[in-house]
Amino acid sequence: MNFFGYIEIISAGFMLIPLLIISLRFKYISIELIPVAILLLISILVESINFAFVINSKNNFLILRVYTVFEVFLLLSFYFLFYNYKKLGNYAVCFILLLVSEYVDYKINGLSSFDNYSTSFESILFSSIALWSFYHLSKNQDYINPINYPFFWMNSSILIYFGGNFVLFVFNNYLLQHQSSGHLAIWGIHSCLNILYNCLIAVAFWKTKRP
C-alpha cells in the first residue's frame, strides 16, 4: 500500500471521532444535528461496503451515487431544521435539481465511472448555502460569538469540505483515465479534507448545550 492509501485509511478512521462525541452527548443534541448524525452512520456503513468492494475488485459506483442522494437530502434537512422550517420550497428545488443532475450524470457516465457531474453540482450547492449562512450569522444579533454555537462548526465543515473538493469532483474522471499518479495525489487531498471535515463535525456535536 502506498502513502495515499494509508492517508485514506486514516481518513476513514476519523469518521469514528464524531460518532464517539455523539455517543457522549446524545441526549443534548439539537434537532438540526440529527440528520448529520444519521449521515455519519450511513457514511460509515458506505465506507465499510466500499472497502469490501475494493478488496474484491468490484464496481462501487452505484453505491456512491445512492450515497450522494442521501447526503444531499440529509444536509439540506440540517439547514431546513436550523432555519426553523423556513423556505421549504427552496430546499425542495435544490434536492430536485440534484436528482436531475444525478440522472443526467447516469445517462452520460453510466455506472462505469464516478458521478462527477452531480457531485460537482453538490459542491456548488453547499458551498453557496454555507457562504450565505455565514452572511446570515454576521447579520444576526443573536449570534454575537458564533464559535460557541454548533451551527458555526457544522457550517464550516461543509464549506471547507465541498469548497475544497470541487476541483477534484470536476476532474476526477479525467484524472482517473489520463493521469493515475495525479489522481492518487488529489484524492490524498480529499482524504485530508475529510479528516478536517470530521474533526469540525465532532466540535459541532461537542458544542451542543445542555437544556
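Our structure is the block above this text.
About the criteria used
- Residues numbered from 1 in each chain as written.
- Predicted model: local features only at pLDDT ≥ 70, side-chain atom pairs only at ≥ 80, totals over all residues.
- Heavy atoms only, no water.
- Core = buried A, V, L, I, M, F, W, Y, C linked by side-chain atoms within 4.5 Å.
- Buried < 20%, exposed > 50% of the residue type's maximum accessible area, 1.4 Å probe, protein only.
- Helix = DSSP H or I, 4+ residues; strand = E, 2+ residues; numbered from the N terminus.
- Contact = heavy atoms within 4.5 Å.
- Arc of directions from axis to C-beta.
- Phe/Tyr/Trp six-rings, centres within 6.5 Å; stacked < 30°, edge-to-face > 60°.

**Some remarks on the nonpolar core**
Now for step 1: Formed by 45 residues in total, the largest nonpolar core has its most connected members in Phe-78, Tyr-79, Phe-126, Met-154, Ile-158 and Phe-205.
Now for step 2: Counting residues per element, the ones that place at least two in this core are α2 (16-25), α3 (34-55), α4 (61-82), α5 (88-109), α6 (116-139), α7 (150-178) and α8 (180-206).
Now for step 3: For this core, the element with the most residues is α4, which contributes 12 residues.
Now for step 4: In contact with Met-154, not counting residues within four places along its chain, are Leu-33, Val-36, Leu-75, Phe-78, Tyr-197, Ile-201 and Ala-204.

**Quick look at α2**
Within an α-helix, residues lying three or four positions from one another point in the same direction, as the helix has 3.6 residues per turn.
Now for step 1: Here α2 has its buried residues at Pro-18, Ile-21, Ile-22 and Arg-25. Relative to the axis of α2, the buried residues are bounded by an arc of 105 degrees and lie together on one face. Facing away from the buried surface of α2 by more than 90 degrees, the exposed residues are Leu-20, Ser-23 and Leu-24.

**As for the packing of aromatic side chains**
Now for step 1: The tally for this structure, following the rule as stated, stands at 15 aromatic pairs.
Now for step 2: Between Phe-80 and Tyr-85, the aromatic rings sit 5.5 Å apart at their centres with planes inclined by 85 degrees, giving edge-to-face as the arrangement.
Now for step 3: On the basis of relative accessibility, which here comes to 17%, the residue Phe-80 falls in the buried class.
Now for step 4: Taking the centre distance of 3.6 Å and the plane angle of 10 degrees together, the rings of Phe-82 and Phe-151 count as stacked.

**What about unusual backbone geometry?**
Now for step 1: The phi dihedral of Asn-84 is positive, around 60 degrees, even though this residue is not glycine.
Now for step 2: When you line up the elements, Asn-84 lands in the loop between α4 and α5.
Now for step 3: Judged by relative accessible area, which is 52%, Asn-84 ranks as exposed.
Now for step 4: With phi around 65 degrees, Tyr-85 is a residue other than glycine that occupies positive phi space.

Just distances and angles here, no functional claims.
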